[in-house]
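What follows is each chain in one-letter form.
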Amino acid sequence: MRNVIFLAINVIRDSFRKKIFYVVFIFGLAMLALSPLLPSFELGLQAQFLRDVSISLTSLFGAVLAVIVAVGQLPVEIEKKTIYNILSKPVSRLQYFAGKFLGVVSTLAIILLVMGIEIIILIYLRLKVFSPIVFEGVLMVFLESCIIASFCYLMTTFASIPVGVLAAIFFYVLCHVKTGYLHGKLIEGVSGAWRVLTWSLYYIIPNLENYNISQQVGYGHGVPGGYTVRVLLYALLFVGLFIFIGYAVFRRKDL
Amino acid sequence: MASAVSLENIRKTYKSHMLRIKRTAIENLSLDVRENEIFGLLGPNGAGKTTTLKIILGLVAPNSGTGHVLGKPLGSKSARSRIGFLPEQPYFYGFMTAEKALMFYGHLAGLDANTIRKRSEELLNLVGLPQGSHLTLEKYSKGMLQRFGIAQALLNDPDLIIMDEPSSGLDPVGQKEIRDIIISLKDLGKTVFLSSHQLSEVESVCDSVSIINRGTTVRQGYLDDLLEVKGVSLITFAGANERAAEALVPPAKRVREENGRISVEVDSEKIYEIISMGRDLGFELQSVTPFRKSLEDLFIEIVRGEKI
Ligand SMILES: Nc1ncnc2c1ncn2[C@@H]1O[C@H](COP(=O)(O)OP(=O)(O)OP(=O)(O)O)[C@@H](O)[C@H]1O
Ligand SMILES: [Mg+2]
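Residues numbered from 1 in each chain as written. Chains lettered and ligands numbered in written order. Predicted model: local features only at pLDDT ≥ 70, side-chain atom pairs only at ≥ 80, totals over all residues. Heavy atoms only, no water.

Concerning the domain arrangement of chain B
Residue and element names in this part refer to chain B. The condition is simple: What fixes the domain bounds is an automatic or database domain assignment. Whether two residues are in contact is decided by their heavy atoms, any of which lying within 4.5 Å being enough. Reported buried area values correspond to the accessible surface (1.4 Å probe) lost by two parts on association, with both partners' losses combined. When a carboxyl oxygen of Asp or Glu is within 4 Å of a side-chain nitrogen of Lys or Arg, the pair counts as a salt bridge. Here a polar contact is recorded for every N or O atom pair within 3.5 Å, except that within protein the pair must consist of a potential hydrogen donor and a potential acceptor, and residues adjacent in sequence are included only if both atoms are side-chain atoms. Every helix listed is a DSSP run of H or I at least four residues long, and every strand listed is a run of E at least two residues long, numbered separately from the N terminus.
We note that the domain assignment places domain 1 (3-225) and domain 2 (229-303) within chain B. Counting residues at the interface gives twelve residues for domain 1, matched by ten residues for domain 2. In this assembly, domain 1 packs against domain 2 so that about 1,000 Å² is buried in total across both faces, 71% of it on carbon and sulfur atoms. Interface area lost by domain 1 to domain 2 is led by Leu 199, Glu 203 and Ile 211, which between them contribute 45%. The interface formed by domain 1 and domain 2 holds zero salt bridges in total. Summed over the shared surface of domain 1 and domain 2, the result is one residue pair in polar contact (both at pLDDT 80 or more). Elements that contribute at least two residues to the side of domain 1 that touches domain 2 include exactly helix 7 (199-205), strand 9 (208-213), strand 10 (216-222) and helix 8 (223-227). Tallying contributions element by element places helix 7 first for the side of domain 1 that touches domain 2, with three residues.

See the structure below:
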């Protein structure tokens, strides 16, 4: 466990040194700060709109960061050969693989937490409305970015950085759009082999729309606790699956 | 003496990424490194030296063959806690200073902070890097990185030190320093396994060597045995020049002039004959030694011979 933690801390330190990290971060905040208000005089509606927009933006921001951070681990360490000095120490491949991923997830958690606090402050400064409900939305964004990050991390156990990034974009779009589409197909009623395929795809592909609660955050009532627990377990399931497969590949990889 | 590393009939093929063509990097490689010796793995570029070292450390898994390192299976984690490794062209996290990086690697090696601080000071001294420098590793020159790599490999006070081309990137003074470090490690009772194509370095530090070419062992043994040419001696004379000395061939095999001295290569049974011929010509006898070819001669002979 010691080794896992040292490796994770190192990932966090390394991530916060990357310029691209801050570029994305500042870009997201600037968009939020500059987003126009609705031409409405009603304070409640304006707050609703700002919360909704900020969570949607955070979601996009979380996805981009998840890809950047996850992809920047294994292939970079292998290419730069920094991995040799680590795996030649008494560090197992499992510790390495887990430590790096823990670092990725912690990095995302830290940056999203900061993001959440800044959103609350920004909304307060503009409208004098205090919205702690934003954290609920940020938590969902975090869970979604964990799924995306674990998928990326899995991809990079065998693919290069560009391939990993492309696959992640494809995955993101698929998980957001395709699930709705497949569901539609199922309701419409397709038959035979297609039906089996559609059903399996429907269940295999994680439904990232589950984590889109910007509207509920906008309204200010959020989602019920039971829902949060359910989507949390759902995220754990997919992260666990991707990491498991990723480790199975990484364990036997020639470095 | 017990063996620190042994490999038996190792075979390793790499899959080329896209085309799935298999490239054989190592074929039927066996070697045995005894405890407390300095062992050199020699071979031309692409011979499979780095691959061999990676197999010992478990960075790469062999397709077949067996072996052990420090009494444990190849790549075992507990063996690694007693091994120090210097990779080929080592690279470290660029954003760290030497001390920070040593702290990080020391933690991974299972050491506590106090021990690491103490060891860091000793080791930076040993490899000739400054203490407490604010320079981050990305600003290090190639030779400095190589020195840092050696410090990093010695952090855990390993019993076996594996070095992939330890003196690459170092100037002649640096190379000499590294040579001295390697020899001092042996004096401390440690085993050193190095790969190199710096033949003079190998010749001056190694006890035994294994020469590999295209993934297969071509020759191995004690360096003295490999370089000695049985039945041939070397006689040196002073007070002669090459032209005059030509008169000795035959029965001598070859004469050469070096710094005003004449060396004569001769079949051992003809030693007395040559000495008396030399005396008659007015040469001054200096020494008679068993003839030893240089490692370079041996290496080139082997690698060329293989290629034909
Ligand atoms: N990851 C890899 N994938 C595919 N082929 C590889 C890989 N690593 C090494 N090889 C091939 O295996 C062979 C042996 O390589 P290796 O790096 O072990 O040689 P080497 O003796 O260390 O050479 P050098 O003296 O140049 O360092 C080479 O033909 C090389 O192309
Ligand atoms: Mg090599």
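As for unusual backbone geometry
Residue and element names in this part refer to chain B. A positive phi is found at Leu 70, a non-glycine position, where the angle reads about 50 degrees. Residue position: Leu 70 is located in the loop between strand 4 (64-69) and strand 5 (72-73). With a phi close to 50 degrees, Asp 157 is a non-glycine residue in the positive phi region. Mapped onto the elements, Asp 157 comes out in the loop between helix 5 (142-154) and strand 7 (160-164).

Describing the sheet that holds strand 14 (residues 284-292) of chain B
All names here are of chain B. Here is the rule: Two strands are counted as paired when DSSP detects at least two bridges linking them. Axis lines are fitted through C-alpha atoms, for helices just across the contact stretch, and the angle between N-to-C directions can take any value from 0 to 180 degrees.
The four strands lie next to each other as 12-13-11-14, forming an open sheet whose pairing is antiparallel. Either end of the sheet is taken by a strand with one partner, and the two such strands are strand 12 (254-258) and strand 14. Strand after strand, the sheet turns through a mean of 25 degrees between neighbouring axes, direction not considered. Of the pairings in the sheet, the one linking strand 11 (residues 228-238) to strand 13 (residues 261-267) comprises six bridges and is antiparallel in character. Residue Ile 235 lies in a different strand from strand 13, and its bridge partner there is Val 264.

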